[in-house]
Amino acid sequence: MSKEREPLVTHIFTADPSAHVYNGKIYIYPSHDIAHDGEDNDNGDEYQMEDYHILSLDDIGADCVDHGVALHMDDVPWVSNQMWAPDAAYKNGKYYLFFPARDKEGNFRLGIAESDKPEGPFKPHPEFIKGSYSIDPAVFVDDDGKVYVYNGGLWGGQLEKYRTGKFDPNGTEPAADEPAVGPLCAVMDDNMQEYVSAPVNLKILDESGEPIKAGDEDRRYFEGPWMNKINGKYYLSYSTGTTHYLVYAVGDDPMGPFTYRGRIMEPVIGWTTHHSIVEYNGKWYLFYHDAEYSGGINHRRCVKYTELHFDDKGDIITIHPYDHKK
Ligand code: FUB
């Protein structure tokens, strides 16, 4: 039985879980960490992933099913390496896997692969999405059917290298007192093939309506965006990277602006923290990963889940990931 705050599976290392409910089950679209002994650095070279396994739970608490390899980088013509955090979406009777990977020039791009089944196998589009860059796609289908792709990650994810609008290999983050770089958002065309227009950086504001500054590392966007619509409000959640928090900001429109609201989860074991939030049978769950099972090896992570609670103002109650062990 899969239990709350325990690894969903341990026969492979998994991370960056994107959870969705399809056909009454919870499907989890994670990265697949490979246990190698290569370098661990700020460029993310330790995350050498090559394929995706889709996981599913028939119910909360049920045994987790690994559906095997759903897509391998050898089957994607434009990919050179590092298939990082994916997400999935259902539209027009098909399932779409969105994934980041390095192209033949070594730049991260987003690709799409399609299937008739939520667990795949997925058939990749031959090219990456034109105009896409950086990592960590999160695909949100709004009630009107419009599909938004959120993404972006600093450092290894290259987001700060596009501040001029073009890739600059020497591009850096803004100064500490300047507005932070926001996550990207683009709208997909109805056929789920291309962006309708170029991605834009979203605004995340503080309680005074001022942009969160790059030096505010407890609150500024780093990577791993996720979008939920809850009681008509758009909850954008993300990782703060260097300070290792999962946090969220709320807005009235899927393209923002968003106002910072608080912390979802305190740091987990391991450098990265990356999550998704899903409603299942009237309860909310946070899917996340940590490196507890591998003894803290950053690139040997395990996906877990725990119930998420809101207070009566709609604020998320902060989770302390290891408090249940005290
Ligand atoms: O798994 C590789 C990278 O680590 C992801 O893209 C980031 O979000 C971080 O979890």
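Whatever comes next refers back to the structure up there.
Along each chain, residues carry numbers from 1 onward, in the same order as the chain's sequence is written. Per-residue local features are limited, in this predicted model, to residues with pLDDT of at least 70; the limit for side-chain atom pairs, both in listing and counting, is 80 or more; totals at the level of whole chains, interfaces and linings are taken over all residues. The side-chain figures draw on all heavy atoms in the structure; neither hydrogens nor water molecules are used.

Caption draft 1: View of the overall build of the chain. Only runs of H or I of at least four residues qualify as helices and only runs of E of at least two qualify as strands under DSSP, and these elements are numbered from the N terminus. When helices and strands are counted, the chain shows zero helices and 21 strands. Our radius of gyration looks at C-alpha atoms and nothing else; its globule reference is 2.2 Å times the residue count to the power 0.38. Relative to the globule expectation of 20 Å for 326 residues, the C-alpha radius of gyration of the chain, 18 Å, shows essentially globular dimensions. Viewed in the frame of its principal axes, the chain has a C-alpha envelope of about 50 × 50 × 45 Å. Relative accessibility under 20% of the residue-type maximum defines a buried residue, over 50% an exposed one, and the middle range a partly exposed one, all with a 1.4 Å probe and only protein chains included. Here the chain holds 326 residues, and 60% of them are scored as buried. In what follows, a contact means two residues having at least one pair of non-hydrogen atoms within 4.5 Å. For the chain, long-range pairs separated by at least 24 residues make up 54% of all intrachain contacts whose partners lie at least 6 apart in sequence. Split by element, the accessible area of the chain, about 13,200 Å² in all, is 46% carbon and sulfur. Within this scheme the basic residues Lys and Arg register as positive and the acidic residues Asp and Glu register as negative, but His and the chain ends are omitted. Where a charge sits is defined by one atom per residue type, namely NZ (Lys), CZ (Arg), CG (Asp) or CD (Glu). Across the chain, 30 positive and 55 negative side-chain charges occur, with their mean positions spaced 2 Å apart. Computed with a 1.4 Å probe, the accessible areas rest on the Shrake-Rupley method; for each residue, only the protein chains presented here act as cover.

Caption draft 2: Looking closely at empty space enclosed by the protein. Grid spacing is 1 Å over the protein atoms alone, the probe is 1.4 Å, and a cavity is where that probe fits but cannot get out, while a pocket is an open set with protein on both sides within 12 Å along at least five of seven lines and lining residues have an atom within 4 Å of a point. Grid points are joined across faces, edges and corners, and a volume is the space filled by probe spheres set on the points. Applying the stated criterion across every chain yields a total of one cavity of 30 Å³ or more. Taken as a whole, the largest cavity holds about 30 Å³ of empty space. Along the walls of the largest cavity sit Ser-18, Ala-85, Pro-86, Asp-136, Pro-137, Ala-138, Pro-225, Trp-226, His-274 and His-275, which together make up its complete lining. When the residues that make up the lining of the largest cavity are grouped by side-chain class, the tally is six nonpolar, three polar and one charged. Each residue is assigned to one class: nonpolar for Ala, Val, Leu, Ile, Met, Phe, Trp, Tyr, Cys and Pro, charged for Asp, Glu, Lys and Arg, and polar for all the others, Gly among them.

Caption draft 3: Broad picture of the site of the ligand. For this description, a residue counts as near a given molecule or strand if any of its non-hydrogen atoms is within 4 Å of it. Residues in close proximity to the ligand include Asp-16, Tyr-47, Met-49, Trp-84, Ala-85, Ile-135, Asp-136, Glu-223, Thr-272, His-274, His-289 and Arg-301, which together make up its full environment. Two N or O atoms form a polar contact when they lie within 3.5 Å of each other; inside protein one atom must be a possible hydrogen donor and the other a possible acceptor, and for residues adjacent in sequence the pair counts only when both atoms belong to side chains. In the environment of the ligand, an oxygen atom lies 2.5 Å from a nitrogen or oxygen atom belonging to the side chain of Asp-136. Between the ligand and Arg-301 there is a distance of 2.8 Å, counted from an oxygen atom to a side-chain nitrogen or oxygen. Surface burial for the ligand is 99%, taken as the share of its 280 Å² of free accessible area covered by protein chains. To decide whether a molecule occupies a pocket or cavity, check its atoms: if more than half lie within 2 Å of the grid points, it is inside. The cavity that encloses the ligand is the second largest pocket.

Caption draft 4: Looking closely at the nonpolar core. Each nonpolar core is a collection of buried residues, namely Ala, Val, Leu, Ile, Met, Phe, Trp, Tyr and Cys, held together in the definition by side-chain atoms within 4.5 Å. Tyr-150, Ile-264, Leu-286 and Leu-308 are the most contacted members of the largest nonpolar core, which has 42 residues in total. Of all the secondary structure elements, the ones that give two or more residues to this core are β10 (138-141), β11 (147-151), β12 (184-187), β15 (223-230), β16 (233-239), β17 (246-251), β18 (258-265) and β20 (283-290). When residues in this core are grouped by element, the largest group, five residues, is from β17. Not counting residues up to four positions away in its chain, the partners in contact with Ile-264 are Ser-237, Leu-246, Val-247, Tyr-248, Ile-277, Leu-286, Leu-308, Ile-316, Ile-317, Thr-318 and Ile-319. Ile-54, Met-83, Tyr-95 and Phe-99 belong to the second-largest nonpolar core, a separate cluster that totals 19 residues.

Caption draft 5: Molecular detail of the layout of surface pockets. In this model, the largest pocket occupies a volume close to 550 Å³. What lines the largest pocket is a set of 22 residues, among which His-20, Phe-140, Val-141, Met-227 and Asn-228 lie closest to the centre. Elements with a minimum of two residues in the lining of the largest pocket: β1 (13-22), β6 (87-91), β10, β15 and β19 (276-280). Classifying every residue of the lining of the largest pocket by side-chain character gives 16 nonpolar, two polar and four charged. Lining the second largest pocket are 24 residues, and of these Gly-44, Tyr-47, Glu-223, Trp-271 and Thr-272 lie nearest its centre. Considered class by class, the residues forming the lining of the second largest pocket number nine nonpolar, eight polar and seven charged.

Caption draft 6: Quick peek at the side chain of Ser-115. With respect to the secondary-structure elements, Ser-115 resides in strand β8 (residues 108-115). With near-sequence residues (within four places) excluded, Ser-115 lies in contact with Lys-94, Tyr-95, Gly-120, Pro-121 and Phe-122.

Caption draft 7: Fine view of the environment of Ala-85. Inspection of the secondary structure puts Ala-85 in the loop between β5 (79-81) and β6. We classify Ala-85 as buried; its relative accessible area is 1%. Sequence separation between Ala-85 and Gly-251 is 166 residues; the distance between their C-alpha atoms is 24 Å. Among residues more than four places away in sequence, those in contact with Ala-85 are Asp-16, Ser-31, Pro-100, Asp-136, Pro-137 and His-274.

Caption draft 8: View of the sheet that holds strand β3 (residues 51-57). Here the rule is simple: two strands pair whenever DSSP picks up at least two bridges between them. Overall, antiparallel pairing links the four strands, which are arranged β1-β2-β3-β4 in an open sheet. Where the open sheet ends on each side, the last strands, each with one partner, are β1 and β4 (64-72). Here the strands of the sheet are splayed against their neighbours by 25 degrees on average, with no regard to which way each runs. Where strand β2 (residues 25-33) and β3 come together, three bridges link them in antiparallel fashion. Across the sheet, residue Ile-28 finds its bridge partner in β3, namely Leu-55. Between N-to-C directions, angles cover 0 to 180 degrees, with each direction set by a line fitted to C-alpha atoms, over the stretch in contact for helices.

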